[in-house]
Amino acid sequence: MNVDVSNIRIEKKEPEGEMFDVMGGSARWEVKVHDHGLVALCDVMPRMAPVGKTADFAIVQAARVSYGQGTKQVNEDRGLIRYLARHRHTTPFEMVEFKFHHVMPIFVARQWIRHRTANVNEYSARYSVVKDRFYKPSVQSVRKQSTVNRQGGDELIDEMTAKEFCDYLDKADALYADYEKLLEKGVSRELARIGLPVNAFTEWYWKCDLHNLLHFLSLRMDAHAQQEIRDYATAMFALIQPIVPIAAEAFMDYHLGAVQLSRLEVEAIKSGQGLKTENKRENAEWEEKKKSLGL
Ligand SMILES: Cc1cc2nc3c(=O)[nH]c(=O)nc-3n(C[C@H](O)[C@H](O)[C@H](O)COP(=O)(O)OP(=O)(O)OC[C@H]3O[C@@H](n4cnc5c(N)ncnc54)[C@H](O)[C@@H]3O)c2cc1C
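Quantities reported herein were computed from a predicted structural model and do not represent experimental measurements. (Residues numbered from 1 in each chain as written. Predicted model: local features only at pLDDT ≥ 70, side-chain atom pairs only at ≥ 80, totals over all residues. Heavy atoms only, no water.)

## What about unusual backbone geometry?
Stated formally: Counting from the N terminus, the helices are the DSSP runs of H or I reaching at least four residues and the strands are the DSSP runs of E reaching at least two. Working definition: with a 1.4 Å probe on protein chains only, accessible area under 20% of the residue-type maximum means buried, over 50% means exposed, and in between means partly exposed.
Cis geometry is found at the peptide bond from Met-45 to Pro-46, where omega equals 5 degrees. Mapped onto the fold, Pro-46 is located in the loop between β3 (37–45) and β4 (48–50). Even without a glycine there, the phi angle at His-34 is positive, about 55 degrees. Among the structural elements, His-34 can be located in the loop between β2 (29–33) and β3. Since its relative accessible area comes to 29%, His-34 is described here as partly exposed. Positive phi, normally seen in glycine, also occurs at Arg-88, with a value near 50 degrees. Here Arg-88 shows up in the loop between α2 (77–86) and β5 (97–105).

Structure (structure tokens):
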């Protein structure tokens, strides 16, 4: 089918005021993570913002379309963004988008890929040779299994066991030599890769809007997330913070580290008679919440 667009007239409008590049003319902003990892901010929408504003302006612009004249009471940009964040009026935040390039261990990527609202294009170890890069924590940072949940805790393991763990990871280097040898002998890349461990690095381009990015950050900057993915999430927050400082501040104030109370918990506070549940886990969570509320 032929589509004729030659008679459609496109009108190109000049911006109303002076604009600036929110990335300051850079091709990308990079943060190194661990030894081989990387978080690079490659692009932002809106890339251009009115002088005197930040990319936050796109959130306000979108919100004003839906609120129209009704925004008169909350017509200051910061106040409006904070109001939207508090009331989870999220769609205006979807008007800002970020494109990243990430280099991370496969075990981090597996947790990351569960966040389905991003657009992802990953390096193919089927078509390309896996690079000789493996994640190894330092001997001084090997975490012990937590005794209160099923995760790694904050406590470090004794030095001898930490060294043993690092030796165990060093075997990945030997596996890489075998991988290369087998590739040279003609084994296909798609098969040779399957003997490599999950601390090998992968990379991808990852594009996400601000609303879903903040959802990702609230889960992955949180203390319950694995430290390695937290390191990446924190680097991403550092990169977007100067681009959308008002939204980032609202996220820190209202969402990150916020405590959500169930109806039963609200009743427990009101009555002063404790939580009405037999469930041990729920009770433990309530104790944790009480601590963070200073109760
Ligand atoms: C500390 C921690 C521990 C975890 N442990 C495990 C584990 O042991 N095993 C495991 O499998 N996963 C685990 N996860 C992953 C978790 O279950 C989520 O898959 C992940 O956090 C992504 O969350 P999300 O679905 O809200 O995000 P996204 O996929 O980014 O989705 C954002 C929102 O969009 C909506 N949405 C997106 N896709 C759909 C859909 N198809 N249908 C309906 N709504 C949709 C939902 O409202 C969702 O909240 C863990 C995550 C964390 C943070």
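## Quick look at the site of the ligand
Counted only if it meets this: The cutoff for a nearby residue is simple: one of its non-hydrogen atoms must lie within 4 Å of the molecule or strand. Polar contact is the term for a pair of N or O atoms within 3.5 Å; when the atoms are in protein, one must be able to donate a hydrogen and the other to accept it, and sequence-neighboring residues count only if both atoms are side-chain atoms. Surface exposure here means Shrake-Rupley accessible area, sampled with a 1.4 Å probe, where a residue is shielded only by the protein chains that are shown. In the scheme used here, Gly and all other residues not listed as nonpolar or charged are polar, with Ala, Val, Leu, Ile, Met, Phe, Trp, Tyr, Cys and Pro taken as nonpolar and Asp, Glu, Lys and Arg as charged.
Neighbouring the ligand are the residues Arg-114, His-115, Arg-116, Thr-117, His-215, Leu-219, Arg-220 and His-224. Residue Arg-114 places a side-chain N or O atom 2.6 Å away from an oxygen atom belonging to the ligand. Contacts to the ligand include His-215, whose side-chain N or O atom sits 2.6 Å from an oxygen atom. When the ligand sits alone it has 930 Å² of accessible area, and the protein chains cover 45% of it. Looking at the shell around the ligand residue by residue, the class counts come to one nonpolar, four polar and three charged.

## Quick notes on the domain arrangement of the chain
Short version of the rule: Segmentation of the chain into domains, including their bounds, is taken from an automatic or database domain assignment. We call two residues contacting when some pair of their heavy atoms lies within 4.5 Å. Here the buried area means the combined drop in accessible surface, using a 1.4 Å probe, for two parts upon being joined, counting both sides.
Domain assignment breaks the chain into domain 1 (13–131 + 201–258), domain 2 (136–198) and domain 3 (261–295). Of note, the centres of domain 1 and domain 2, computed from C-alpha atoms alone, are 31 Å apart. Each partner contributes residues to the interface: domain 1 has 14 residues there, and domain 2 has eleven residues. Both sides together, the interface formed by domain 1 and domain 2 hides about 1100 Å², and carbon and sulfur atoms give 48% of it. Among the residues domain 1 hides against domain 2, the three largest losses belong to Arg-126, Val-129 and Val-130. Together they make up 41% of the total.

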